[in-house]
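# Observations on the three-dimensional arrangement
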Amino acid sequence: MPTSARTYGQFCGLARALEIVGERWSLLVVRDLVLGPKRFTDLQQTLPRIPVSILTSRLNELEEAGVVRRRVLSQLDAGVVYELTEYGNELDHIVLELGLWGARSLTYPRADEVFTLDTAIISLYTTFQEEAASGVHVNYELHHLGGEMIVHAMVDDGALKCAAGALPAADLVIEPQGPAMIDLFNGKLGAQDAITSGKVRIDGDPAHLELFTRLFHIPPAPERPTGLALH
C-alpha cells in the first residue's frame, strides 16, 4: 500500500483508490495493460515520455497493491510480462468511462503530444455506444498517420473487439486526414461532409461511415461557466 507520506489520511474508498492509482502515470499504465499483458519495454513504447525510474516505481506500487502482477512467458523467448490481476481488471470500465469524460474536453492534438497505437485502440473502446450497436454486425479498418498506424474494430450485436493491424474482411476502410477523426467522434463533422470535403477517405459503402458516427461518439463538450452563478 502507499507510504504514509502519500496518503490522504481519510478512511474513504475514493481516497484509497487515489492512493493506489492516483499517482502520475499510474492510470496510464493500467490503461495500456487493459489491452493485455506487456513487457517493460512494451510499456516504454506505449508511454514514450515516462522515465525508466518512474515506470519501475509505478509497476512496483501497482504490484504491491494487488493491481498488477508479473508472469513469466512460456514461449522459447521466455521473459517477464506485466498484466492486470482480477482486482486490476475491475478498473476496465472505470478507465473507459473516465477516458470518455476526459475526451469531451479534447480539442486537437498539440505538436508535442503523441498518439500511440494503444491510444488508437482504446479510443474505440472508449467511444463505443453499446446500445446503438444492438443487432449491428459490421467491421471497420482505420488508417491513422497516413497509414503508418492501422487498427480494426469488429462490431457484433452490441459487442466490440478491437486490435492492431489490417482486417481483410472489413466492410469499410477509413482514412482520416489530419484531425478529422476526432471531429467524426464528437459530431462536428458529419459522414457525408467528411467524404465530400476529402477530410476522410473511405473504401466501401458510405452508409457504413454514417453508421460509424453513431457507433463511436463523444458527447458534446462541457459548457464553460461564465461569471458567478446566481440563484
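Parameters at a glance
Residues numbered from 1 in each chain as written. Predicted model: local features only at pLDDT ≥ 70, side-chain atom pairs only at ≥ 80, totals over all residues. Heavy atoms only, no water. Pairing = 2+ DSSP bridges. Helix = DSSP H or I, 4+ residues; strand = E, 2+ residues; numbered from the N terminus. Axes fitted to C-alpha atoms, helices over the stretch in contact; angles between N-to-C directions. Contact = heavy atoms within 4.5 Å. Phe/Tyr/Trp six-rings, centres within 6.5 Å; stacked < 30°, edge-to-face > 60°. Salt bridge = Lys/Arg side-chain N within 4 Å of Asp/Glu carboxyl O. Buried < 20%, exposed > 50% of the residue type's maximum accessible area, 1.4 Å probe, protein only.

### Details of the sheet that holds strand β6 (residues 172-176)
Whether parallel or antiparallel, the strands of a sheet pair through hydrogen bonds between backbone atoms. Sheet architecture is open: five strands sit in the order β5-β4-β3-β6-β7, paired in mixed fashion. Among the strands making up the open sheet, the edge pair consists of β5 (159-164) and β7 (200-204). Taken over all neighbouring pairs, the strand axes of this sheet differ in orientation by 20° on average, direction set aside. Bridging between strand β3 (residues 137-144) and strand β4 (residues 149-156) involves eight bridges; their strand directions are antiparallel. Directly across from His143, in β4, lies its bridge partner Ile150. With respect to the sheet, helix α7 (residues 117-127) is in contact with β3, β4 and β5, its orientation differing from that of β5 by roughly 170°.

### As for the packing of aromatic side chains
Under the definition given, this model contains five aromatic pairs. Each residue in the set Phe128, Tyr140, Phe185, Phe212 and Phe216 is aromatic and connected to the rest through ring pairs, giving one cluster.

### Re the pattern of salt bridges
According to the stated counting rule, one finds ten salt bridges in the structure shown. Close ionic contact of Glu83 with Arg71 constitutes a salt bridge, the shortest N to O distance being 3.0 Å. Of this pair, Glu83 sits in strand β2 (residues 80-84) while Arg71 is found in strand β1 (residues 68-72), placing the two residues twelve residues apart along the sequence. Taking the relative accessible area as the measure of exposure, Glu83 reaches 11% and is therefore buried. For Arg71, a relative accessible area of 34% corresponds to the partly exposed category.

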